Number of protein chains: 2
Amino acid sequence: MSYFDAASSAPLHPVARQALHASLDEGWADPARLYREGRRARLLLDAAREAAAEAIGCRPDELVFTTSGTRAVHTGIAGALAGRHRVGSHLIVSAVEHSSVLHSAEAHRHTGGTVSEVPVLRTGAVSPAAYTDALRPDTALACLQSANHEVGTRQPVAAVAEACRGAGVPLLVDAAQSLAWGPVEGGWSLLTGSAHKWGGPAGVGVLAVRKGVRYAPQGPADERESGRSPGFENIPAVVAAAASLRAVRAEAAAESVRLRELTDRIRARVPELVPDVEVVGDPVDRLPHLLTFSCLYVDGETLLHELDREGFSVSSGSSCTSSTLTPSHVLKAMGVLSEGNVRVSLPLGTPAEEVERFLAVLPRTVAAVREKLGAPAAAVAPAPAASPTSPASDELVVDALGRRCPIPVIELAKVITDVPIGGTVRVLSDDEAARLDIPAWCEMRNQEYVGEEPAPRGTAYVIRRTTP
Amino acid sequence: MSYFDAASSAPLHPVARQALHASLDEGWADPARLYREGRRARLLLDAAREAAAEAIGCRPDELVFTTSGTRAVHTGIAGALAGRHRVGSHLIVSAVEHSSVLHSAEAHRHTGGTVSEVPVLRTGAVSPAAYTDALRPDTALACLQSANHEVGTRQPVAAVAEACRGAGVPLLVDAAQSLAWGPVEGGWSLLTGSAHKWGGPAGVGVLAVRKGVRYAPQGPADERESGRSPGFENIPAVVAAAASLRAVRAEAAAESVRLRELTDRIRARVPELVPDVEVVGDPVDRLPHLLTFSCLYVDGETLLHELDREGFSVSSGSSCTSSTLTPSHVLKAMGVLSEGNVRVSLPLGTPAEEVERFLAVLPRTVAAVREKLGAPAAAVAPAPAASPTSPASDELVVDALGRRCPIPVIELAKVITDVPIGGTVRVLSDDEAARLDIPAWCEMRNQEYVGEEPAPRGTAYVIRRTTP
């Protein structure tokens, strides 16, 4: 079994397990009590806070433990916005933030706030200039992840922090994906993280708020964690979280080199081994353990299922795997192919052999899924048209209404050579992924994407054949 | 060492420890993922939900896991109020609810809602009639604990639920203190609980919302736990929580009889062994493991410290032990003595010998604290006046300004016999506890409490001597 989805949740680090076991006996009492069980619990909590603060790069009294990374984000954004409500109610986020940030932004919008979403480049990174342009006199808070959770691209946090500082706007950095690898550089104001992403237990997030940052806790009062995180402290888990953060940091230098070699190898080999693949995300400025690619003519859910049968646990930003039937907002913002999307994120210690076995298994797995779906057999060779609704001519219409990704793209690929060069294909589709994947297919295939038009049902996507 | 503070946090039950260890290997992955680690995690989560729902007395799809009892209360109250905002914004709570409920009520008031606090009898219980009187056409939600956390008194939940049902108002029951002993009877609409109170791990609360109850989750959206509890699920802890709830329920019938005998013994013996003690809370309709008493002329913090030195961990609702310097809102609402307050809550399995040792140690500990504070030596015998600011006469003034509890009451006791029967003593005090403790002393001593008057500094409490 190869678990390649560390970005969702890392397996518990052995140090976390030891620390958890050890502190179950010492850390169950109320740290606010003055008797010895309470004092022991308080000592453990204080020591964990110091260790975590040192690893994060803040003062212990700037750090509180929350119950998850999501809670840290929700709490931190709400508190920072409320702390600066006199300045204004404008919030800036990047278009590729984690859903916890985007959901906070949505909630802010609901209560009358305004939100700017900074677009990203095709690599997934924001441009510092674009981010700076979004800053306004009424900006209460800016948010930027340290690195993207779906494609691994690192964000220019230091440059954006500099711009925010110049504008007097606090910057909240969601560092959930990068804290295992090191502290976040640059002058951030607030920072959030999630222990189960670095091999700690579930149930622990971190929220750091620099001294001097205006902050007003929201919701019902509670005296725990400086009034910033209500509820009885989960001390054994907090101790395990802090211990494992130190432990993974001790391995980070060596493991980041080794895992980067492995992910570089996957990035290089996949397009050689599998036709019609787009590797996405910044090739260099990225997390060492994570890479993402998308496969044309593949149903992501079926691919994940087949890879699971072969012993590989990976995840996907394809709409085909989500219940909402919309493709990942990250891939959408990047403007890259979403169909057959696979994210590989290697846990610490992943053996090179597992990666080799993945590279051995992947090509035949993708081929099998494509065959099942009736995808064009070869990468470039034209395939016989299956169900065009009008005879071959300069203009051809493909009715893919009611068909889910990747069928609309497969149908398009089947018929593109049925029109002469200069001729057009109109694909009728009501699948949201087509909006992203048809233009991406055109770019990969060097065909011209003309645009979309409203249709009686769904949308008509118009493609002009420009390449033999 | 005798840990007698189970009501704050119970030691981890052995079954919880086993379940936690076992599920650390199986429950760390994301239960929303379709690969095998995710499916395993999902199975564990589903099984834990079924087990917990059965013990609580609801359907599995009515139950979500939160990150603490406090979170369950905050979340449940906010969601229920929002779900019924069209009906009105009136919230009812009892005066002796847990701070998480009262803080939610305060937050509700802050955003324009109205709150009624139902008073309690001297036992700590609400009267169903008084609760019913508080119901209004615009009442959105009513809250009542199953049993009080400080004095153990059970609340008439079934009768209040009946009244609420008649008025079409949902009732939220905070069952944190009673879930170990059995499900909550009666037609509640929402229910909350906290795993570390029943021997489960920290980091797990429960929130049940009956089908048909209007409920609108507040705050940023999140798909976890039916959208009612954001953040990555803490499955090992949830599994341990459910397993330990079943385990303590299996012991509940026998342990409730045994512990009730022990607490009955403490309730009976303490007033015999220690002079000037008031045992508070309902003597019969109460939790089996919990009792509370207050000792005249004693500083609660010093008493707890001395008991800790003797090996007993207990807690207190005295203002003397809290940083806010206001006495427990529970004792205040009951109108009972708060000084020298001690809460004893026995964990499952507490040996009878530990209770006997407590009864052996308590009298000399209380006596030592009283001696150190210069309290009247005997219970009834008059003591020489220490510092009356006017000579003995029909009216005597004691200046206790700047002195904390229990000093104002000690000074009063010292001089009461310096005035003739029918004469008065005026105690000047700026300690908030005096407002509660001077009338309570009068009741215990059969003296007449005339009332309070504003004074140039603090308050003048007027006492008439009626008893030799």
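From a predicted model like this one, the values you see are computed outputs, not experimental measurements.

K.L.:
Sorry if this is basic, but what is going on with the overall build of chain A here?
P.N.:
A tally of helices and strands in chain A yields 12 helices and 16 strands. Taking 23 Å as the expected radius of gyration for a compact globule of 468 residues, we find that chain A reaches 24 Å, a close match to that expectation. Each principal axis of the C-alpha atoms in chain A carries an extent, and together these give about 85 × 50 × 35 Å. Evaluated residue by residue, chain A yields a buried proportion of 60% over its 468 residues. In chain A, once contacts between residues fewer than 6 apart in sequence are set aside, the share between residues at least 24 apart is 72%. In the form shown here, chain A has an accessible surface area of approximately 17,000 Å², with 53% of it arising from carbon and sulfur atoms. Side-chain charges in chain A split into 46 positive and 55 negative, and the spacing between the mean points of these groups amounts to 5 Å.

K.L.:
Looking at this model, I keep getting lost on the interface of chain A and chain B. Mind explaining?
P.N.:
As a measure of interface size, the accessible area lost when the parts come together is often cited. Counting from both sides, the interface comprises 52 residues of chain A and, opposite them, 52 residues of chain B. It is A:Trp28, A:Tyr35 and A:Arg71 in chain A that bury the most area against chain B; as a group they hold 15% of the surface buried on that side. Our count for the contact surface shared by chain A and chain B stands at eight salt bridges. A salt bridge links A:Arg17 to B:Asp25, with the nearest nitrogen and oxygen atoms 2.5 Å apart. Summed over the shared surface of chain A and chain B, the result is 22 residue pairs in polar contact (both at pLDDT 80 or more). Broken down by secondary-structure element, the contributors of at least two residues to the side of chain A that touches chain B are α1 (14-24), α2 (36-56), α3 (69-83), α4 (99-110) and α8 (300-309) of chain A.

K.L.:
Mind showing me how you'd approach the UniProt feature "domain: UPF0033" (unreviewed entry) in chain A here?
P.N.:
The sites that UniProt annotates as "domain: UPF0033" (unreviewed entry) are residues 398-422 of chain A. Spanning residues 398-422 of chain A, this segment combines 36% helix with 8% strand, and its end C-alpha atoms are found 17 Å apart.

K.L.:
Can you walk me through the confidence of the model for chain A in this structure?
P.N.:
Note: predicted coordinates in regions of low pLDDT should not be interpreted at a detailed level. This prediction gives chain A a mean pLDDT of 94; 95% of its residues lie at or above 70. Within the model, pLDDT remains below 50 along residues 379-388 of chain A, and this stretch shows 16 contacts once partners closer than five positions in the same chain are excluded.

K.L.:
Can you help me understand unusual backbone geometry in this one?
P.N.:
Across the chain, the bulk of peptide bonds are trans and the bulk of non-glycine residues have phi less than zero. Of note, the bond from A:Cys405 into A:Pro406 is cis; its omega dihedral lies within 30 degrees of zero at 10°. Structurally, the position occupied by A:Pro406 is in the loop between β13 (395-399) and α11 (407-415). Residues other than glycine seldom take positive phi values, yet B:Glu225 does so here, at roughly 45°. Considering the arrangement of structural elements, one finds B:Glu225 in the loop between β8 (205-209) and α7 (235-273). Overall, B:Glu225 belongs to the buried group, its relative accessible area being 6%. The phi dihedral of B:Ser226 falls on the positive side, at around 55°, and the residue is not glycine.

K.L.:
I keep staring at the nonpolar core and nothing clicks. Help me out?
P.N.:
When a protein is soluble and globular, its nonpolar side chains tend to lie buried together. Residues and elements named next belong to chain B. Counting residues in hydrophobic clusters, the biggest one holds 93 residues, and the most contacted among them are Tyr-131, Leu-171, Phe-293, Val-344 and Phe-358. Among the elements that take part in this core, α7 stands out by supplying 14 residues, more than any other. Both domains that meet at this core, namely domain 1 (9-248) and domain 2 (252-373), each give it at least three residues. With residues up to four places along the chain from it excluded, the contact list for Val-344 reads Phe-4, Ile-266, His-289, Leu-290, Leu-291, Phe-293, Val-314 and Phe-358.

K.L.:
I tried to follow the relation of the copies chain A and chain B on my own but got confused; where do I start?
P.N.:
The operation relating the two chain copies consists of a rotation about an axis and a shift along that axis. Rotating chain A by 180° and translating it 0.0 Å along the rotation axis places it on chain B, where the RMSD comes to 0.1 Å. In symmetry terms, the pair is related by a two-fold rotation axis. When the interface residues of chain A are mapped onto chain B, 100% of them are again interface residues, pointing to one common binding face.

K.L.:
Would you mind going over the sheet that holds strand β12 (residues 341-345) of chain B with me for this structure?
P.N.:
Strand pairing in a sheet relies on backbone hydrogen bonds, with the paired strands running either antiparallel or parallel. All names here are of chain B. Across the sheet, which stays open at both edges, the three strands sit in the order β9-β10-β12 with antiparallel pairing between neighbours. In this open sheet, the two edge strands, each paired with only one partner strand, are β9 (277-280) and β12. In this sheet, adjacent strand axes meet at a mean angle of 25° when their direction is disregarded. Direction of pairing for β9 relative to strand β10 (residues 290-295): antiparallel, over a ladder of four bridges. By the bridge assignment, Val-279 is partnered in β10 with Phe-293.

K.L.:
I'm lost on the environment of B:Arg426 in this one. Help?
P.N.:
Residue and element names in this part refer to chain B. Among the secondary structure elements, Arg-426 is positioned in strand β14 (residues 424-429). When the C-alpha atoms of Arg-426 and Val-450 are compared, they prove to be 9.8 Å apart, with 24 residues separating the residues in sequence. Each residue touching Arg-426, except ones within four places of it in the same chain, is listed here: Glu-395, Leu-396, Val-397, Val-398, Glu-453, Ala-460, Tyr-461 and Val-462.

K.L.:
Hey, could you run me through the packing of aromatic side chains in this one?
P.N.:
Here the structure, examined in full by the defined rule, presents 10 aromatic pairs over all chains. Arranged with centres 5.3 Å apart and planes meeting at 70°, the rings of A:Phe312 and A:Phe358 form a pair that is edge-to-face. In this pair, A:Phe312 sits in strand β11 (residues 312-313) while A:Phe358 sits in helix α10 (residues 352-373), placing the two residues 46 residues apart along the sequence. Each member of the pair, A:Phe312 together with A:Phe358, is buried. Counting every residue linked through ring pairs, the aromatic cluster contains A:Tyr3, B:Trp28 and B:Tyr35. The cationic tip of B:Arg210 hangs over the ring face of B:Trp188; the distance from NZ or CZ to the ring centre is 3.8 Å.

K.L.:
Explain the pattern of salt bridges to me, please; I cannot follow it from the model alone.
P.N.:
It is possible for side chains bearing opposite charge to pair when their charged atoms get close. Under the counting rule described, the total for this entry stands at 66 salt bridges over all chains. The salt bridge involving A:Glu306 is made with A:Lys372; its shortest N-O contact spans 3.9 Å. Here the residue A:Glu306 occupies a position in helix α8, and A:Lys372 occupies one in helix α10, the gap between them amounting to 66 residues. The shortest N-O distance in the salt bridge between B:Arg109 and B:Glu106 comes to 2.7 Å. On the criterion of helical spacing, the pair formed by B:Arg109 and B:Glu106 is a turn pair, its members being three residues apart in helix α4 (residues 99-110). We classify B:Arg109 as partly exposed; its relative accessible area is 37%. Each of A:Asp5, A:Arg343, B:Asp30, B:Arg33, B:Arg224 and B:Glu233 takes part in salt bridges that share partners, so that together they form one network.

K.L.:
Just to check I follow, could you spell out helix α1 (residues 14-24) of chain B for this structure?
P.N.:
Since the α-helix turns once every 3.6 residues, residues separated by three or four places project in the same direction. Three or more residues of α1(B) are buried, namely B:Ala16, B:Ala19, B:Leu20, B:Ser23 and B:Leu24. Buried residues of α1(B) fall within an arc of 130° about the axis and therefore sit on the same side. Projecting away from the buried face of α1(B) at angles above 90 degrees are the exposed residues B:Pro14 and B:Gln18. The inward-facing, buried residues of α1(B) abut α1 of chain A together with α2 (36-56) and α7 of chain B.

K.L.:
Just to check I follow, could you spell out α2(B) for this structure?
P.N.:
The first and last C-alpha atoms of α2(B) sit 30 Å apart over 21 residues, in line with the 30 Å expected at 1.5 Å per residue. Turning to α2(B), its buried residues number three or more, namely B:Glu37, B:Gly38, B:Ala41, B:Leu45, B:Ala48, B:Arg49, B:Ala51, B:Ala52, B:Ala53, B:Ala55 and B:Ile56. The inward-facing, buried residues of α2(B) contact β1 (2-3) and β11 of chain A together with β2 (63-66), β7 (190-194), β8 and α7 of chain B. Looking one or two places after α2(B), you find B:Gly57, whose phi comes out positive at around 90°.

K.L.:
Hey, could you run me through the domain arrangement of chain A in this one?
P.N.:
All names here are of chain A. Domains assigned within chain A are domain 1 (10-248), domain 2 (252-373) and domain 3 (395-464). On a C-alpha basis, the centres of domain 1 and domain 2 stand 28 Å from each other. Listed per partner, the contact involves 24 residues of domain 1 and 27 residues of domain 2. For the pair domain 1 and domain 2, the summed buried area comes to about 2,100 Å², and 61% of that belongs to carbon and sulfur atoms. Its largest share of buried area at the contact with domain 2, domain 1 owes to Arg-122, Glu-150 and Trp-181, together 38% of the area lost on that side. Counting across the domain 1 and domain 2 interface gives one salt bridge.

Cut-offs used in this document
Residues numbered from 1 in each chain as written. Chains lettered and ligands numbered in written order. Predicted model: local features only at pLDDT ≥ 70, side-chain atom pairs only at ≥ 80, totals over all residues. Heavy atoms only, no water. Helix = DSSP H or I, 4+ residues; strand = E, 2+ residues; numbered from the N terminus. Rg over C-alpha atoms; globule rule 2.2 N^0.38 Å. Buried < 20%, exposed > 50% of the residue type's maximum accessible area, 1.4 Å probe, protein only. Contact = heavy atoms within 4.5 Å. Areas by Shrake-Rupley, 256 points an atom, 1.4 Å probe, with all protein chains shown as cover. Lys, Arg positive; Asp, Glu negative; His and termini not counted. Charge placed at Lys NZ, Arg CZ, Asp CG, Glu CD. Buried area = accessible area lost by both parts, 1.4 Å probe. Salt bridge = Lys/Arg side-chain N within 4 Å of Asp/Glu carboxyl O. Polar contact = N/O pair within 3.5 Å; in protein donor to acceptor, adjacent residues only side chain to side chain. UniProt positions renumbered as here; feature names shortened; annotations may be inferred. pLDDT = per-residue confidence, 0-100. Core = buried A, V, L, I, M, F, W, Y, C linked by side-chain atoms within 4.5 Å. Domains from an automatic or database assignment. Least-squares fit on C-alpha atoms with pLDDT ≥ 70 in both. Pairing = 2+ DSSP bridges. Axes fitted to C-alpha atoms, helices over the stretch in contact; angles between N-to-C directions. Phe/Tyr/Trp six-rings, centres within 6.5 Å; stacked < 30°, edge-to-face > 60°. Lys NZ or Arg CZ within 6 Å of the ring centre and 35° of its normal. Arc of directions from axis to C-beta. Expected span 1.5 Å × (residues − 1).

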